[in-house]
Amino acid sequence: MKQSRPPVVRMYFLDDQLRKNLFPNCSSVAAYFEVSPKTIQRDVDYMRDLLGAPIEYHMKKRGFFYRENWVFLPSAFLEQDEAEALKVTKKVLSHYTGTPYYDEVSSALDKVLQYLPKTFGDNDLFSVYSFEHSAVTNELSTHFVTLEDAIRQKMKISIVYDAPSSGAMSERTIHPYRLHYSHAAQRWYLVAYCELRMGMRTFAIGRIKKLQLLTEHFECRLGFSVDAYLSKTFDQMVGETEQEVSIRFSAYQAPWIKERQWHPSQKISEHHEGLDDVKAIEKDVNKIQMHT
């Protein structure tokens, strides 16, 4: 229903009516939005008193009008900290040129940021925060476009992959399921079914040397869940059976080990000798215990 719309929608409507010199009044706008005339009057008062809109009432036309040109800015509804947060987002995003949806998100932010008042500076903010650059090569950027299309259309892909386990190049036909970014490894991965290995695999995007979109479609494996698959990985590795692994760390290394979340199921406890005993699943991880 129209009355459920937020005030900013009504103000945009008022602004449009005023620009077209249609002389809207509280009764006509209230009828359009199915609200009371008092609600519209509050909107007009807000635009005039708090946003500085040059709105006046024309007695003969029995409606409101702009006495001079004025721009209705979306930034008027942003608090100082909200505007600064948008600028931080833009700054962080600039380090991920070429990654999925960079262009779309960047364009959306630009449309808002262009209306921010100049008083919303960012010098103080960026003297407090800094962000490490995470460059994406042109080759990776091209891979993202092709892989996204393949995932959406369920199209098979032919790749030449530099496998770290063998150190050799291998040609494979894969069924791409999802692009996944690992913050721990600071790398992009592709979860896909590999026809060569006849099973699900996680491929590092940076190790894909050649990539070609094929014309053949594939069907997703019945009952397979990418989220469940990723939850069982440890450092992007997963096996067929569950393995419980105990890892001991020296007392010197223990403080650094405790600072990092190695797996959601890990447990940490102290050893009387002062060593860390980390129980992890190296392949199909479900339980990790750490003893210090």
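My aim in this report is to walk through the structure given alongside it, one point at a time. (Residues numbered from 1 in each chain as written. Predicted model: local features only at pLDDT ≥ 70, side-chain atom pairs only at ≥ 80, totals over all residues. Heavy atoms only, no water.)

**A look at the sheet that holds strand β7 (residues 208-217)**
Quick reminder of the rule: By this definition, two strands are paired if DSSP reports at least two bridges between them. In DSSP terms, a helix is any run of H or I states spanning at least four residues, a strand is any run of E spanning at least two, and both are numbered starting from the N terminus. Fitting a line to C-alpha atoms yields each axis, with helices limited to the stretch in contact; the angle taken between N-to-C directions then spans 0 to 180 degrees.
Read from one edge to the other, the open sheet built from five strands follows the order β6-β5-β4-β3-β7, with strand pairing classed as antiparallel. Sheet topology places β6 (199-204) and β7 at the edges, where each strand pairs with a single neighbour. Adjacent strand axes in the sheet meet at a mean angle of 45°, parallel and antiparallel pairs treated alike. Where strand β3 (residues 155-162) lies against strand β4 (residues 169-182), six bridges are found, and the strand directions are antiparallel. Along β4, the bridge assignment pairs D162 with M169.

**What to know about helix α1 (residues 7-19)**
Here is the rule we go by: Between the first and last residue of a helix there are one fewer steps than residues, each counted as 1.5 Å, and that sum is the expected span. Burial status follows relative accessibility: with a 1.4 Å probe on protein chains alone, a residue under 20% of its type maximum counts as buried, one over 50% as exposed, and anything between as partly exposed. This arc is taken over the directions from the axis of the helix to the C-beta atoms. In what follows, a contact means two residues having at least one pair of non-hydrogen atoms within 4.5 Å.
The end-to-end C-alpha separation of α1 is 18 Å, in line with the 18 Å expected for 13 residues at 1.5 Å each. All buried positions along α1 are accounted for by R10, M11, L14, D15, Q17 and L18. Along the long axis of α1, the arc covered by the buried residues comes to 165°, so they all point the same way. The secondary structure elements touched by the buried residues of α1 are α2 (26-33), α3 (37-50), β1 (55-58) and β2 (63-66).

**Regarding the packing of α2 against α3**
We apply this condition: Orientation is classified from the angle alone, with under 35 degrees giving roughly parallel, over 145 giving roughly antiparallel, 65 to 115 giving roughly perpendicular, and any other angle giving oblique. In a left-handed crossing the near helix is turned counterclockwise from the far helix by less than a right angle, and in a right-handed crossing that turn is clockwise.
In contact at an axis separation of 8 Å, α2 and α3 are set at 110° when each is read in the N-to-C sense. By the angle class used here, α2 and α3 are roughly perpendicular. Between α2 and α3 the crossing geometry is right-handed. Residues C26, V29 and A30 of α2 form the contact with α3, whose participating residues are P37, I40 and Q41.

**Section: the nonpolar core**
Inclusion rule: Buried residues of nine kinds, namely Ala, Val, Leu, Ile, Met, Phe, Trp, Tyr and Cys, make up a nonpolar core once their side-chain atoms join them within 4.5 Å.
Core analysis: the biggest nonpolar cluster contains 19 residues, and L147, I157, I159, Y161, I174, L190 and F203 have the highest contact counts within it. Secondary structure elements with two or more residues in this core: α7 (138-153), β3, β4, β5 (187-194), β6 and β7. Among all residues touching L147, those that are not within four sequence positions of it are I157, L179, L190, I205 and L211. Membership of the second largest hydrophobic core comes to 18 residues, among which are I40, V44, I55 and F72.

**Considerations on the packing of aromatic side chains**
Just so we agree on the cut-off: Between rings of Phe, Tyr and Trp, where Trp is taken as its six-membered ring, a pair exists when centres lie within 6.5 Å; planes separated by under 30 degrees are stacked, by over 60 edge-to-face, and by other angles tilted.
One pass over the structure, following the stated rule, counts 11 aromatic pairs. Here F13 and Y32 contribute two aromatic rings whose centre-to-centre distance is 4.5 Å and whose plane-to-plane angle is 10°, an arrangement assigned as stacked. With a gap of 19 residues between them, F13 in helix α1 and Y32 in helix α2 connect regions that are remote in the sequence. According to the relative accessible area criterion, Y32 is partly exposed, its value standing at 35%. Pairwise contacts between aromatic rings join F13, Y32 and F33 into one cluster.

**A few points about α3**
Its 14 residues place the ends of α3 19 Å apart at the C-alpha level, agreeing with the 20 Å of an ideal helix rising 1.5 Å per residue. Buried within α3 are the following residues: T39, I40, D43, V44 and M47. For α3, the arc enclosing every buried residue in end-on projection is 140°, short of the 170-degree limit, so these residues lie on one face. Relative to its buried face, α3 has exposed residues pointing more than 90 degrees away, namely K38, R42, D49 and L50.

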